[in-house]
Amino acid sequence: MKIAIAGAGIGGLTAALSLHAAGFSNIKLFEAAREIQQVGVGINLPPHAVRELVELGLGDGLAAIGLPTAELCYYDRSGELIWAEARGTTAGYRWPQYSVHRGRLQHLLLAAVRERLGSSAVTSGQRVEACTADEDAVSLTVTDLASETRTVHRANLLIGSDGIRSAVRTALYGSPVPLATNGWVMYRGATPAASMRFLSGRSMVIVGDEAQRVVAYPIDESTINWLMVRPLPTAGDAGTPLGNWNHEVDAQDIARHVQEWRFDWLDFHALVRSTKTVYEYPMADIDPLGQWSFGRITLLGDAAHAMYPFGSNGASQAIIDARVLAYQLAHHAADPVVALAAYDAARRESVAKVQLANRRQAGDVMARVSALARARAHGQARDELKTVEDNYKRLAGFDIETLNNRPSWSVQPTAAST
Ligand SMILES: Cc1cc2nc3c(=O)[nH]c(=O)nc-3n(C[C@H](O)[C@H](O)[C@H](O)COP(=O)(O)OP(=O)(O)OC[C@H]3O[C@@H](n4cnc5c(N)ncnc54)[C@H](O)[C@@H]3O)c2cc1C
């Protein structure tokens, strides 16, 4: 079976590795970026995503590039602790939670794809423009960005993992699916700051309220990743188009928002001010889609379910999509249309709940918790946060009991799958 993948981000690369592990070898990835550089800043991979990468044989590689997160702590804007809980193996999971640079993770996956599927499996500078399918095959139109030439490729199926502005999704839906925003903006940076090691040295902290919050965690022994989220005075003011991850802004300008946020355990102002490159990202997601799989074409990762980057689940859900898709294809190798429909049925509605939960976390949860903290009801705020976190883990698939005990999605390769 010939499989085409649009986009070699975290979702597309994990899909290639998962399909290969399930016995498929004729896989071609088309990536629009001319060069796959180590872009982005830090992301967090909770144990449900780490389990999948470990089962793909990437445990050692991940341990080499990531830092195990030991706890998650919530503070109010005055720096007073509301609630903390253990994370990863410290909490009793069989797999760690990792904080890791997004670009390093992408390169780990890329190197594994090239090693396992061959150096020509991923071609860069290849932008997928359009796709159509008939009963037997898929046709995808791809522009080579260097020569500006267009080629039509044929495959037995196509996976659209081409991110938040997916061209495959546009082709399937007939027009671009609008991106939604809550009018907030996120600033992100990763700062070499060995001297600013804070709390356990493996802590992830969330500080603030509904007017502004800051998240920080180390992604290696000498780098602290941070992000700041605040509403724009007027929705759409950021000037950065929705879905653009690469827009740089002035660190000094952003640091003034945390002028007062200098706690004895971490000086956020100094952290932000000393960051070389700060990125601005207006919060963007899509409404849950009514369909991911259309015959021989399906969507995966942000193309299927772009969500607000709250709760460490953007990359995680893409990784899980990839594993479930490979599982379903291995079990229905004779009929890819049935396999893609089974993948849609297994994933779409459960991920929609995570998308909607991220919207709530971004808004009303923060407002409720902060109102309690302002009223000095820190105990109630703690209970509220614990309930929200416990529910979220169940929705996203990482409550300890379920994750530690559920069967693996690894499958034995069969002759039918190649
Ligand atoms: C440059 C960049 C920086 C990011 N930085 C962060 C970050 O700092 N923090 C965070 O939480 N999330 C970040 N993300 C998003 C995060 O990686 C995703 O939410 C998550 O990993 C889901 O992965 P995905 O593979 O579905 O999408 P993505 O990781 O977005 O990957 C999609 C891939 O498809 C490619 N592509 C897009 N259009 C086409 C096309 N028409 N044809 C072929 N290829 C195409 C893109 O170049 C990209 O490589 C970033 C994404 C990108 C692209």
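Residues numbered from 1 in each chain as written. Predicted model: local features only at pLDDT ≥ 70, side-chain atom pairs only at ≥ 80, totals over all residues.

Let's shift gears to the overall build of the protein chain. Looking only at helices and strands, the protein chain features 12 helices and 19 strands. Against the globule reference of 22 Å for 418 residues, the protein chain gives a C-alpha radius of gyration of 21 Å, in line with a compact fold. Based on the C-alpha atoms only, the size of the protein chain along its principal axes is roughly 65 × 45 × 35 Å. Relative to its 418 residues, the protein chain shows a buried fraction of 48%. Within the protein chain, counting contacts between residues at least 6 apart in sequence, those at least 24 apart form 73% of the total. (Helix = DSSP H or I, 4+ residues; strand = E, 2+ residues; numbered from the N terminus. Rg over C-alpha atoms; globule rule 2.2 N^0.38 Å. Buried ≥ 20, exposed ≤ 12 C-beta atoms within 10 Å, placed from the backbone. Contact = placed C-beta atoms within 7 Å.)

Another aspect to go through is the site of the ligand. Around the ligand sit 31 residues, and of these G7, G9, G11, G40 and G301 come closest. Among the elements of the structure, α1 (10–21), β2 (27–31), β9 (126–133) and α9 (314–331) are those that each provide at least two residues to the shell around the ligand. Residue composition of the shell around the ligand, by class: 15 nonpolar, 10 polar and 6 charged. A domain-level breakdown of the shell around the ligand finds at least three residues from each of domain 1 (3–179 + 286–411) and domain 2 (184–282). (Near = placed C-beta within 6 Å. Nonpolar A, V, L, I, M, F, W, Y, C, P; charged D, E, K, R; others polar. Domains from an automatic or database assignment.)

This paragraph deals with the sheet that holds strand β19 (residues 297–299). Pairing within the open sheet is parallel, and its 5 strands lie in the order β8-β2-β1-β12-β19. Where the open sheet ends on each side, the last strands, each with one partner, are β8 (122–124) and β19. The sheet shows a mean angle of 20° between the axes of neighbouring strands, taken without regard to direction. Along the sheet, α1 makes contact with β1 (3–6), β2 and β12 (157–160), crossing β2 at roughly 175°. (Pairing = 2+ DSSP bridges. Axes fitted to C-alpha atoms, helices over the stretch in contact; angles between N-to-C directions.)

The next subject is helix α4 (residues 102–117). In this model, α4 (16 residues) spans 22 Å end to end at C-alpha, consistent with the 22 Å of a helix rising 1.5 Å per residue. If you check which residues of α4 are buried, you get R102, L105, Q106, L108, L109, L110, A112, V113 and L117. On its buried face, α4 sits against α1, β2, β3 (42–45), α3 (59–65), β7 (98–101) and β8. Backbone geometry just after α4 places G118 at a positive phi near 105°. (Expected span 1.5 Å × (residues − 1).)

Relative orientation and spacing of two packed helices are given, respectively, by the angle between their axes and the distance between those axes. Relative to each other, helix α2 (residues 47–55) and α9 sit at 40°, their axes nearing to 9 Å. If you check the angle between α2 and α9, you find them oblique. The interaxial crossing formed by α2 with α9 has left-handed handedness. Contacts between α2 and α9 involve H48, A49, E52 and L53 from the former and A315, S316, I319, I320 and R323 from the latter. Per-class residue counts for the contact of α2 with α9 are 5 nonpolar, 2 polar and 2 charged. (Parallel < 35°, antiparallel > 145°, perpendicular 65-115°, else oblique. Left-handed = near helix turned anticlockwise from the far one by under 90°.)

Ordered by their spatial adjacency, 3 strands build an open sheet running β9-β10-β11, and the pairing between neighbours is antiparallel. In the strand order of this sheet, the two ends are held by β9 and β11 (149–155), each with one partner. Taking each pair of neighbouring strands and ignoring which way they run, the sheet shows an average axis angle of 25°. Two strands pair when backbone bridges link them, and β9 and strand β10 (residues 138–144) are joined in this way by 7 bridges, in the antiparallel orientation.

Here we take up helix α11 (residues 378–396). Here α11 is 19 residues long and its end C-alpha atoms lie 26 Å apart, about the 27 Å a rise of 1.5 Å per residue gives. All buried positions along α11 are accounted for by A381, L385, Y392 and A396. Axial view of α11: buried residues confined to an arc of 30°, hence all on one face. Residues of α11 that are exposed and point more than 90 degrees away from the buried face comprise G379, T387 and D390. Immediately downstream of α11, the backbone of G397 shows phi near 90°, a positive value. (Arc of directions from axis to C-beta.)

What follows concerns the nonpolar core. Ranked by internal contacts, the top residues of the largest apolar core, which has 132 residues, are A16, V113, L158 and V168. When residues of this core are sorted by domain, at least three fall in each of domain 1 (3–179 + 286–411) and domain 2 (184–282). (Core = buried A, V, L, I, M, F, W, Y, C linked by C-beta atoms within 7 Å.)

Entries for the protein chain in the domain assignment read domain 1 (3–179 + 286–411) and domain 2 (184–282). The distance between the C-alpha centroids of domain 1 and domain 2 comes to 23 Å. With 28 residues of domain 1 in contact, the opposing surface of domain 2 contributes 28 residues. Where the side of domain 1 that touches domain 2 is concerned, the elements lending two or more residues are β3, β4 (67–68), β5 (71–75), β7 and α10 (336–374). In terms of residue count, β5 provides more of the side of domain 1 that touches domain 2 than any other element does, 5 residues in total. Residues of the side of domain 1 that touches domain 2, tallied by class, amount to 16 nonpolar, 8 polar and 4 charged.

Okay, the pairing of strand β13 (residues 184–192) next. Along any regular strand, the residues point their side chains to alternate faces of the sheet. In terms of burial, β13 is largely enclosed, as 8 of its 9 residues are buried. Here 9 bridges tie β13 to strand β16 (residues 223–231), and the two strands are oriented antiparallel to one another. Looking at the pairing, Y187 lines up with M228 of β16. The sheet contact formed by β13 and strand β18 (residues 278–282) spans 4 bridges and is antiparallel. Residue pairing for β18: Y187 is matched across the bridge by E280.

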